[in-house]
Amino acid sequence: MFLAALYGLIAGILLCLTFGTVFFALIQTSIERGYRSGVQIALGVVASDAFFIFTAIFGTSFLPQINNFDKWIGAIGIIFLVILAIGNFLKTPTLEPKTHADDRSRRRSNLKFFLKGVALNALNPINFMSWAAIAAYLRTKGRYDLSEMIIFFSMSLVGVGATESALAVYAHRLRGLLTIKVIHYINIATGVVFLGVATKLLWEEFLK
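Read on for a plain summary of the structure. (Residues numbered from 1 in each chain as written. Predicted model: local features only at pLDDT ≥ 70, side-chain atom pairs only at ≥ 80, totals over all residues. Heavy atoms only, no water.)

## Remarks on the nonpolar core
Phase 1 of the analysis: Leu-120, Trp-131, Phe-152, Phe-153 and Phe-194 are the most contacted members of the largest nonpolar core, which has 40 residues in total.
Phase 2 of the analysis: Looking at this core, the elements that each hand over two or more residues are helix H1 (2-16), helix H2 (21-33), helix H3 (35-58), helix H4 (69-90), helix H5 (103-122), helix H6 (125-140), helix H7 (146-173) and helix H8 (180-207).
Phase 3 of the analysis: If near-sequence neighbours (up to four positions away) are discounted, Phe-153 is found in contact with Ile-53, Ile-57, Trp-131, Ile-134, Ala-135 and Leu-138. (Core = buried A, V, L, I, M, F, W, Y, C linked by side-chain atoms within 4.5 Å. Buried < 20%, exposed > 50% of the residue type's maximum accessible area, 1.4 Å probe, protein only. Helix = DSSP H or I, 4+ residues; strand = E, 2+ residues; numbered from the N terminus. Contact = heavy atoms within 4.5 Å.)

## Quick look at the packing of aromatic side chains
Phase 1 of the analysis: Enumeration according to the criterion identifies seven aromatic pairs in this entry.
Phase 2 of the analysis: Centre to centre, the rings of Phe-54 and Phe-58 are 4.9 Å apart; their planes meet at 45°, and the pair counts as tilted. Here Phe-54 and its partner Phe-58 are both found in helix H3, four residues apart, which amounts to about one turn of the helix.
Phase 3 of the analysis: Note on Phe-58: relative accessible area 45%, which makes it partly exposed.
Phase 4 of the analysis: Grouping aromatic residues by their ring pairs yields a cluster made of Trp-131, Tyr-144, Phe-152 and Phe-153.
Phase 5 of the analysis: Here Arg-173 stacks its cationic end above the ring of Tyr-170, 5.3 Å away from the centre of that ring. (Phe/Tyr/Trp six-rings, centres within 6.5 Å; stacked < 30°, edge-to-face > 60°. Lys NZ or Arg CZ within 6 Å of the ring centre and 35° of its normal.)

## Focus on unusual backbone geometry
Phase 1 of the analysis: Non-glycine residue Arg-143 carries a positive phi angle of around 60°.
Phase 2 of the analysis: Examined against the element boundaries, Arg-143 turns out to sit in the loop between H6 and H7.

## What about the packing of H2 against H8?
Phase 1 of the analysis: Packing of H2 against H8 brings their axes to within 10 Å, and their N-to-C directions diverge by 155°. It follows that H2 is roughly antiparallel to H8 by the angle criterion. For the pair H2 and H8, the crossing hand works out as left-handed. Residues Thr-21, Phe-24, Ala-25, Gln-28, Ile-31 and Glu-32 of H2 touch H8, and the partners they reach there are Ile-183, Ile-186, Asn-187, Thr-190, Val-193, Phe-194 and Val-197.
Phase 2 of the analysis: Each residue belonging to the contact of H2 with H8 can be placed in one class, and the counts come to eight nonpolar, four polar and one charged. (Axes fitted to C-alpha atoms, helices over the stretch in contact; angles between N-to-C directions. Parallel < 35°, antiparallel > 145°, perpendicular 65-115°, else oblique. Left-handed = near helix turned anticlockwise from the far one by under 90°. Nonpolar A, V, L, I, M, F, W, Y, C, P; charged D, E, K, R; others polar.)

## Structural notes on the environment of Ser-48
Phase 1 of the analysis: Inspection of the secondary structure assignment puts Ser-48 in helix H3.
Phase 2 of the analysis: What makes Ser-48 buried here is its relative accessible area of 5%.
Phase 3 of the analysis: Here the alpha-carbon distance between Ser-48 and Leu-115, two residues 67 residues apart in the chain, equals 9.5 Å.
Phase 4 of the analysis: Contacts of Ser-48, omitting those with residues within four sequence positions, involve Val-118, Asn-121 and Ala-122.

Function cannot be inferred from these measures alone, as they are strictly geometric.
Right, dumping it as structure tokens:
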């Protein structure tokens, strides 16, 4: 059980250390809006991964059968990423984090970033494939029973949440070293990443 927990924690940390859409969105949001907004994205990623893991362990029979489901998800993902990219290109950089006048607007903002984390993670099919591959490996090669798999994946989610939250905190601490020009370059780079992933999805789902 201890090894299952340890390996799960390591797996969760390693899966976060990739330069994908979530990574760049997390860094950008933490710099612009503060680490709390970045942590909300991290929580959205954890919620999305939890759903992926549940599906990987228990199967997809409970999901509705929709014709061309992959293509629908791909199309939604492409549109979502293009909108985010355009927003990044048009965004005016600032060194002052946005503040909220009341609790209602703060909760609304937190929900927005939480859902952004869910969407960015869920609309990348590689994330589900990664968890499904890990689950298959543990079940066959690792000979894990259900309780060991639950421990492994629970610690994986802890690793994901802790790593993403740490990235948000440390990205926010970099604010003092940044200039308007650097933040502008970060916005552009993040937009290019979003467009790159959207192009990859377009090629794999519709043009390949």
